[in-house]
Amino acid sequence: MTEHGEGGEQVSTGTAIESPGAPDAAIPELVIISGMSGAGRSTAAKCLEDLGWFVVDNLPPALIPTMVELGARSQGNVARIAVVVDVRGRRFFDNLRESLADLEAKNVTRRIVFLESSDDALVRRFESVRRPHPLQGDGRIVDGIAAERELLRELRGDADLVIDTSSLNVHELRAKMDAQFAGEEEPELRATVMSFGFKYGLPVDADLVVDMRFLPNPHWVPELRQYTGLNEEVAAYVFNQPGAKEFLDRYAELLQLIAAGYRREGKRYVTIAVGCTGGKHRSVAMSEKLAARLVSEGVETVIVHRDMGRE
């Protein structure tokens, strides 16, 4: 087990936890970092360490509740804990599930950050460092990736934040982590609005996906083709089309309903993917307007234009 650094001096105001012979103490914030081997778990952990979190790498899942209890006894010296876990076997996963159930029974609020990546990207990364996948055994790298993906399927479904690192470098991943965790106060809900092109594939980390291909494509307007949805003329063209403004209004209303439900369920992150053919015009223009609506409603929002510039 490798320990990295110590947490900041901020005292959590969370629920109290009882320990024999000691007064009630505030439960530390807890983040569990997991995901695919090679997808960037160590980079995500290092980012939290730099932000003042107490980070424990490769902690056996059965010890997570103990770590939280020790943090609660630290008199505020360990106010934020991040635990990096990887799943290398069925029993390991069962232990993690039992620990999560234990934390829930003790009213400990935990967040799960799941690092995802495409098979192609993972294979390239393992081949570049000339290391085998932890689960490949006598098989190929892709066999290990498939086995790990199956073991992690349920955990991925329970994750509060999924980050797809397929096309991210180390600096871009750190920027995403900073955007989610650098604030002094945790907002009720954080949203990422991501434009994308369907011809480049669906974003695997999207919670919600909408399709702008029902609107005429500015690509076929010669004077607009070279520009993007960030251009005022392109945006005006998009929103002058029948149904565009109505879609924005109604989808924004729907997101209000969804956001209220997410808050009730304790979900703090949502990624909204807005797609068109190439991710250059319609999806970009709609993402900008949609993000502005969310900001006006008090939702902290980040805009990502995944495929803009690829053509």
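Procedures and definitions
Residues numbered from 1 in each chain as written. Predicted model: local features only at pLDDT ≥ 70, side-chain atom pairs only at ≥ 80, totals over all residues. Heavy atoms only, no water. Helix = DSSP H or I, 4+ residues; strand = E, 2+ residues; numbered from the N terminus. Buried < 20%, exposed > 50% of the residue type's maximum accessible area, 1.4 Å probe, protein only. Contact = heavy atoms within 4.5 Å. Pairing = 2+ DSSP bridges. Axes fitted to C-alpha atoms, helices over the stretch in contact; angles between N-to-C directions. Phe/Tyr/Trp six-rings, centres within 6.5 Å; stacked < 30°, edge-to-face > 60°. Lys NZ or Arg CZ within 6 Å of the ring centre and 35° of its normal. Core = buried A, V, L, I, M, F, W, Y, C linked by side-chain atoms within 4.5 Å. Salt bridge = Lys/Arg side-chain N within 4 Å of Asp/Glu carboxyl O.

**Student:** Is there a simple way to think about the overall build of the protein in this case?
**Tutor:** Within the protein, the secondary structure is distributed over ten helices and twelve strands. With 311 residues in all, the protein has 48% of them scored as buried. Long-range pairs, those at least 24 residues apart, make up 78% of the contacts in the protein with a sequence separation of at least 6.

**Student:** What am I meant to see in the sheet that holds strand β12 (residues 300-305) here?
**Tutor:** In any sheet, the strands associate via hydrogen bonds between backbone groups, in a parallel or an antiparallel arrangement. A sheet is described by the order of its strands in space; here four strands give the open sequence β10-β11-β9-β12, paired in parallel fashion. Two strands close off the open sheet at either side, each with one partner strand: β10 (208-211) and β12. The mean angle between the axes of side-by-side strands here comes to 20 degrees, regardless of whether they run parallel or antiparallel. Pairing of β10 with strand β11 (residues 269-276), which is carried by four bridges, proceeds in the parallel orientation. Residue pairing across strands places Val 209 opposite Ala 273, the latter belonging to β11. Seen against the sheet, helix α7 (residues 170-181) touches β9 (190-197), β11 and β12 and runs at an angle of roughly 145 degrees to β9. Most of the contacts of helix α9 (residues 244-264) go to β10, to which it runs at about 175 degrees, and overall it touches β10 and β11.

**Student:** Is there a simple way to think about the packing of aromatic side chains in this case?
**Tutor:** Any two aromatic rings considered together are summarised by their centre-to-centre distance and by the angle between their planes. Taken as a whole and assessed by the stated rule, the structure comprises five aromatic pairs. Measuring from ring centre to ring centre gives 6.0 Å for Trp 53 and Phe 181, while their planes differ by 85 degrees; the resulting arrangement is edge-to-face. Within this pair, whereas Trp 53 is found in the loop between α1 (41-50) and β5 (54-57), its partner Phe 181 is found in helix α7, the two being separated by 128 residues in sequence. Each member of the pair, Trp 53 as well as Phe 181, is classed as buried. For the pair Phe 181 and Tyr 269, a centre-to-centre distance of 6.1 Å together with 55 degrees between the ring planes defines the contact as tilted. Separated by 88 residues along the polypeptide, Phe 181 in helix α7 and Tyr 269 in strand β11 bring together distant segments of the chain. A connected cluster of aromatic rings, assembled from ring pairs, spans Trp 53, Phe 181 and Tyr 269. The ring of Phe 198 has Arg 213 lying over it, and the distance from NZ or CZ to the ring centre is 3.7 Å.

**Student:** What exactly am I supposed to notice about the nonpolar core here?
**Tutor:** The tendency in soluble globular proteins is for nonpolar side chains to be buried side by side. Of all hydrophobic cores here, the largest spans 51 residues; its most connected members are Ile 33, Leu 48, Ile 64, Met 177 and Phe 181. Every residue in contact with Ile 64, bar those within four places of it in the chain, is listed here: Leu 30, Ile 32, Leu 59, Val 83, Val 85, Leu 96 and Leu 103. Core analysis: the second largest hydrophobic core is formed by 30 residues, Val 193, Val 210, Ala 244 and Ala 291 among them.

**Student:** Explanation requested: the pattern of salt bridges in the structure shown.
**Tutor:** Between side chains of opposite charge, a pair can form as their charged atoms come close. Inspection of every chain in the model, using the stated rule, returns 21 salt bridges. In this structure, Glu 49 engages Lys 46 in a salt bridge whose closest nitrogen and oxygen atoms are separated by 3.8 Å. Of this pair, Glu 49 and Lys 46 both sit in helix α1, separated by three residues, roughly a single helical turn. Judged by its relative accessible area of 38%, Lys 46 falls in the partly exposed class.

**Student:** How should the pairing of strand β7 (residues 110-116) be read in this particular structure?
**Tutor:** Burial runs high along β7: six of the seven residues are buried. Both strand β4 (residues 29-35) and β7 contribute to a ladder of six bridges, which runs parallel. Bridge assignment links Val 31 to a residue of β7, and that residue is Arg 111. Note that β7 and strand β8 (residues 161-164) share four bridges and pair parallel. Following the sheet pairing, Glu 116 is matched in β8 by Asp 164.

**Student:** Looking at this structure, I do not really get the side chain of Ser 283. What am I missing?
**Tutor:** For Ser 283, the position within the fold is in helix α10 (residues 282-296). Ser 283 gets classed as buried once you look at its relative accessible area, which sits at 0%. If near-sequence neighbours (up to four positions away) are discounted, Ser 283 is found in contact with Ser 195, Phe 196, Met 212, Val 274, Gly 275 and Cys 276.

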